[in-house]
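# An overview of the molecular structure
Next come the chains, spelled out residue by residue.
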Amino acid sequence: MTINRRRFNQLLLLSTAARLLPPVAAYATGVTPARGGTLNFIVEPEPPTILALAHTAGGTQKISPKITEGLLTYDFGLTPKPQLATEWSIASDGLTYTFKLRPNVKWHDGKPFTSADVAYSIELLKQVHPRGRGSFANVIAVDTPDPLTAVFRLSKPAPYLLKALYAAESPIVPKHIYEGVKIADVPTNPNGSAPIGTGPFVFRQWVRGSHIILERNPDYWDAGKPYLDQIVVRFVPDGAARAAGFETGEFDLGGDNPIPLADLERIKALPNIGIDSRGYETKGDQTQLILNLDNEYLKDIRVRRAIAHAIDLNVILNTVWYGYGHVSPTPVSTFLPQYRDTTIKPYAFDLKAAEQLLDEAGYKRNGSGNRFTLRLTHNSYNEGFKRVAEYLKQNLARIGIDARIDSYDFSTYIQKVYTERAFDLTAEYLGNQFDPTLGVQRIYWSKNFKLGLPFSNASHYQNPEVDRLLETASVEVNEAKRKQEFNDFQKIIADELPVINLISLENVTVFNKRVRNHTIGAEGVQSNFADVYIKESEG
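Residues numbered from 1 in each chain as written. Predicted model: local features only at pLDDT ≥ 70, side-chain atom pairs only at ≥ 80, totals over all residues. Heavy atoms only, no water.

### Section: empty space enclosed by the protein
Under the criterion given, the structure shown has eight cavities of 30 Å³ or more. Along the wall of the largest cavity there are 14 residues; nearest its centre are Pro-329, Pro-346, Tyr-347, Ile-500 and Asn-501. Class assignment of the residues belonging to the lining of the largest cavity gives a composition of 12 nonpolar, one polar and one charged. Roughly 100 Å³ of internal volume is contained in the second largest cavity. Forming the boundary of the second largest cavity are 15 residues, of which Thr-56, Gln-61, Arg-131, Tyr-429 and Gly-431 lie nearest the centre. Put simply, the parts of the chain that give the lining of the second largest cavity at least two residues each are helix H2 (58-67) and strand S18 (425-431). For the lining of the second largest cavity, the element with the highest residue contribution is S18, accounting for three residues. Looking at side-chain class alone, the lining of the second largest cavity contains five nonpolar, six polar and four charged residues. (1 Å grid on protein atoms, 1.4 Å probe; cavity = no way out; pocket = protein on both sides within 12 Å on 5 of 7 lines; lining within 4 Å. Points joined across faces, edges and corners; volume = space filled by probe spheres on them. Nonpolar A, V, L, I, M, F, W, Y, C, P; charged D, E, K, R; others polar. Helix = DSSP H or I, 4+ residues; strand = E, 2+ residues; numbered from the N terminus.)

This is how it looks when you write it as structure tokens:
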């Protein structure tokens, strides 16, 4: 017995809290989209790769889906819709997923897309993708009975699996490009810098430090699309310059708060600018302070708790993030309420308690007032993380900890933290995605400590009970039991503090009102942009 696609879509509908700003420009039905034109799309920072196969960097996830697609896409309610798969069914025991694939799809080099590409991609994602190791852990095989059928066979149920198949999360890549490549070499394969995909846009050029050019795919499987002739992805490190570019009309579109939050109220009042907070339903943004537990000082729970007591989360929310978010002391974002333990409260901001804990740990102040020095860095994906680091440096100094800030460009940051482990504290970003197994587990699961794997277990945290709870929840089909397992996990993290959770961030997309259909589903600016068009007048 199987559950058909329509019935499964009904079962998958999620009850999500509405957090949308009123749309500035409605997407009219019955309107013929205009053809042609160039979209100037702001992505910052410049990512190390533009294929979301082995990286989950924000810039990568915005660019990759325009070139390389997924099996499914999702509406705002996270109901799956066809992309490279046209139909799907799930066996009643949850152990077999059958996908019918779209016929007559070609890779950009002219080779046919088949089920062999799907099977090969899933195997790669299991081994090289930061979340894929968890997402596809229970997939033991992908059978290919014919070129247009892929059958996922699971060892255990995976209640989140059908929500993990969009292009920014699980891209389908060409087998003929990667076959024979060593797994260790996949992240640095040239296809990551000049991808071949099935998507509506074809990669043409990457001028490092400046821009990427994507051109219309004339042979795209969705006849008549895309509408745009070209996308120019612009890398502009300076936030003020990005704000000015939107103001003058030089830039058309950017997601994930592309301009400084301090400028947002001014910019969104301009008549040519629109703001939309839709299109982030798959993300659940969370900010964190990750502690490197290989550091001798940070191994002591008293030191970790002292640091937590030195952080005023309300100050971080209101001064660093200008109120665009919510205090979130648990690993599960406030935007994932069905799995969040609301009984967990932040550590009180209490400098005296922090000082006492450090004294008890044996780290007295020296003659200059310092106890010890820690290397403090920050993700450069968003300028706010640097401000978080600066706030932390000031407050840690108040309790005798000398925090030395090391700032890097994004690629160097990934290398320093996830390969060299040359840090003690880092202000970091965690996308919860739409399920804790996919978004949260990777940070705390001991089996996901792997040098060179971005956005994995950077703290080097190891707790067998946490592993058990995460692994049990990943296969639990009873929602009440699954929620309790995630709650128990969150309580342990709040007590042991391998990571100090900070703020769940609100995100907005900034766009010139001439740009239409940029946010038509849960993926927002991470979608393939096949439907985007430019209308030069408001008529």
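### Here we look at the pairing of strand S2 (residues 38-42)
When you tally the buried positions in S2, you get four out of five residues, the bulk of the element. Sheet analysis places S2 next to strand S11 (residues 230-234), joined by five bridges and oriented parallel. The partner of Asn-40 across the bridge, within S11, is Val-232. As judged from the two bridges shared by S2 and strand S12 (residues 253-254), these two strands associate in the parallel manner. For Phe-41, the partnering residue across the bridge sits in S12 and is Leu-253. (Buried < 20%, exposed > 50% of the residue type's maximum accessible area, 1.4 Å probe, protein only. Pairing = 2+ DSSP bridges.)

### Some points on the UniProt feature "domain: Solute-binding protein family" (unreviewed entry) in the protein chain
UniProt marks residues 79-446 with the feature "domain: Solute-binding protein family" (unreviewed entry), using the numbering shown here. A helix fraction of 28% and a strand fraction of 23% characterise residues 79-446, whose end C-alpha atoms lie 32 Å from each other. (UniProt positions renumbered as here; feature names shortened; annotations may be inferred.)

### Examining the packing of aromatic side chains
All chains considered together, the criterion is met by 15 aromatic pairs. Where Trp-107 meets Phe-113, the ring centres are 6.0 Å apart and the plane angle is 75°; that geometry is what we call edge-to-face. The interplanar angle of 45° and the centroid separation of 4.8 Å between the aromatic rings of Tyr-220 and Trp-221 together place this pair among those described as tilted. Here the aromatic residues Tyr-74, Tyr-166 and Phe-434 are joined through ring pairs into a cluster of three or more. In this structure, Lys-66 packs its charged tip against the face of Phe-529, placed 3.9 Å from the ring centre. The ring of Trp-221 carries Arg-102 above its face, with NZ or CZ at 3.9 Å from the centroid. (Phe/Tyr/Trp six-rings, centres within 6.5 Å; stacked < 30°, edge-to-face > 60°. Lys NZ or Arg CZ within 6 Å of the ring centre and 35° of its normal.)

### Regarding the packing of helix H8 (residues 301-309) against helix H10 (residues 351-360)
Interaxial distance between H8 and H10 falls to 8 Å at its minimum, and their mutual angle equals 165°. Our classification of the angle between H8 and H10 gives roughly antiparallel. Between H8 and H10 the crossing geometry is left-handed. In this structure, H8 contributes Arg-302, Val-303, Arg-305, Ala-306 and His-309 to the contact, and H10 contributes Leu-351, Ala-353, Ala-354, Leu-357, Leu-358 and Glu-360. Tallied by class, the residues present in the contact of H8 with H10 amount to seven nonpolar, one polar and three charged. (Axes fitted to C-alpha atoms, helices over the stretch in contact; angles between N-to-C directions. Parallel < 35°, antiparallel > 145°, perpendicular 65-115°, else oblique. Left-handed = near helix turned anticlockwise from the far one by under 90°. Contact = heavy atoms within 4.5 Å.)

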